[in-house]
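Spelled out from the first residue to the last, the chains are:
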Amino acid sequence: MSLSNVFNIAGSAMSAQTIRLNTTASNMANAQSVSSSEGETYRARKPVFELQQAETLQPGSIPLGVQAGQGVNVAGIVESDSPLRQEYSPDHPMADENGYVYYPNVNVVEEMADMISASRSFQINAEIMNTAKQMMQRALTLGQ
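Quick notes on the rules
Within each chain, residue numbers correspond to sequence positions counted from 1 in written order. Where local features are concerned, this predicted model is filtered to residues with pLDDT of at least 70; where side-chain atom pairs are given and counted, the filter is 80 or more; whole-chain, interface and lining totals use all residues. The basis for every side-chain value is the complete set of heavy atoms in the structure, and neither hydrogens nor water enter the calculation. Secondary structure follows DSSP: runs of H or I at least 4 residues long count as helices, runs of E at least 2 residues long count as strands, and numbering of each begins at the N terminus. When a residue's accessible area, from a 1.4 Å probe over protein chains only, is under 20% of the maximum for its type it is buried; when over 50% it is exposed; and in between it is partly exposed. Contact between two residues is taken to exist if any of their heavy atoms lie within 4.5 Å; hydrogens are not considered. Per-residue and other accessible areas were derived by the Shrake-Rupley procedure at a 1.4 Å probe size, with only the shown protein chains allowed to occlude residues. The rule for a salt bridge is simple: a side-chain nitrogen of Lys or Arg has to be within 4 Å of a carboxyl oxygen of Asp or Glu. Helices are assigned an expected span. That span is 1.5 Å times one less than the residue count. Residues adjacent in sequence count toward polar contacts only when both atoms are side-chain atoms; beyond that, a polar contact is any pair of N or O atoms within 3.5 Å, and within protein one must be able to donate a hydrogen and the other to accept it. Candidate patch residues must exceed 30% relative accessible area and have no salt bridge, after which like charges are joined if within 9 Å and Val, Leu, Ile, Met, Phe, Trp or Tyr side chains if within 5 Å.

Requested: an account of the overall build of the protein, with residues and values cited.
When its secondary structure is counted, the protein shows two helices and four strands. Expressed as a percentage of the 144 residues in the protein, the buried residues total 24%. Looking at the protein alone, contacts between residues at least 24 apart form 67% of all its contacts between residues at least 6 apart. Counting only carbon and sulfur atoms, one obtains 54% of the accessible surface of the protein, whose full area is about 9,500 Å².

See below:
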């Protein structure tokens, strides 16, 4: 694998993790928002990643059962279909005609774990890029 491929793969992973961090931050920011109907209530969002396939593969260069990739793409962002949190609070100004208010289906603990995982993955890919850069610089100095 060439160093330029390493930069491409690590860069695409960093972009994907940035989107993951942004959706997690959005989920956490809306975790305590309240609504008077299920249709208006914020729903947790998650990015869906897909492997960027290598365009040209040389025969015999990849062992059987292994897929070659050129990084990762964000295929889209989906809303969670888990049930919303419904709370009986007839005195709340946002209560519906039955006295219920609706809270998002955001699990704050799960979101914190996602945030830690995404930030750690971002850090690792940044370190990979720095290491590849150092290797490239050392290779250039060998000829001097």
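Would you mind going over the side chain of Thr23 in detail, with residue names and values included?
Checked against the element boundaries, Thr23 lands in helix 1 (residues 3-29). Given the relative accessible area of 9%, Thr23 is considered buried. Leaving out residues up to four positions away in the same chain, Thr23 has contacts with Arg45, Pro47 and Ile77.

Explain the pattern of salt bridges to me, and be specific about the residues and the numbers.
Counted by the stated rule, this structure contains five salt bridges. Of the charged contacts, one joins Glu79 and Arg45 as a salt bridge, the two residues approaching to 3.1 Å between their closest N and O atoms. With Glu79 in strand 2 (residues 69-79) and Arg45 in strand 1 (residues 45-53), this pair connects stretches of sequence that are 34 residues apart. A relative accessible area of 46% means that Glu79 is categorised as partly exposed. Note that Glu110 is salt-bridged to Lys46, the shortest N-O span being 3.5 Å. With Glu110 in helix 2 (residues 108-142) and Lys46 in strand 1, this pair connects stretches of sequence that are 64 residues apart. For Glu110, a relative accessible area of 41% translates into the label partly exposed. Using a relative accessible area of 23% as the deciding quantity, one classes Lys46 as partly exposed. A cluster of three or more residues bridged by salt bridges with shared partners is formed by Arg20, Lys46, Glu110, Glu111 and Asp114.

Give me helix 2: which residues, what numbers.
When the terminal C-alpha atoms of helix 2 are compared, their 51 Å separation across 35 residues agrees well with the 51 Å that a helix rising 1.5 Å per residue should span. The opening residue of helix 2, the one whose side-chain oxygen lies 3.1 Å from the backbone nitrogen of Val109, is Asn107.

Could you give me a rundown of the environment of Ala10, with the residues and numbers involved?
In this structure, Ala10 sits in helix 1. Taking the C-alpha atoms as reference points, Ala10 and Ser121, separated by 111 residues in sequence, lie 10.0 Å from one another. Filtering out sequence-adjacent residues up to four positions away, Ala10 remains in contact with Asn125, Ile128 and Met129.

So what about a nonpolar patch on the surface? Which residues, and what values?
Together, Val108, Met112 and Ile116 make up an exposed nonpolar region whose accessible area comes to about 250 Å². Within the fold, Ile116 resides in helix 2.

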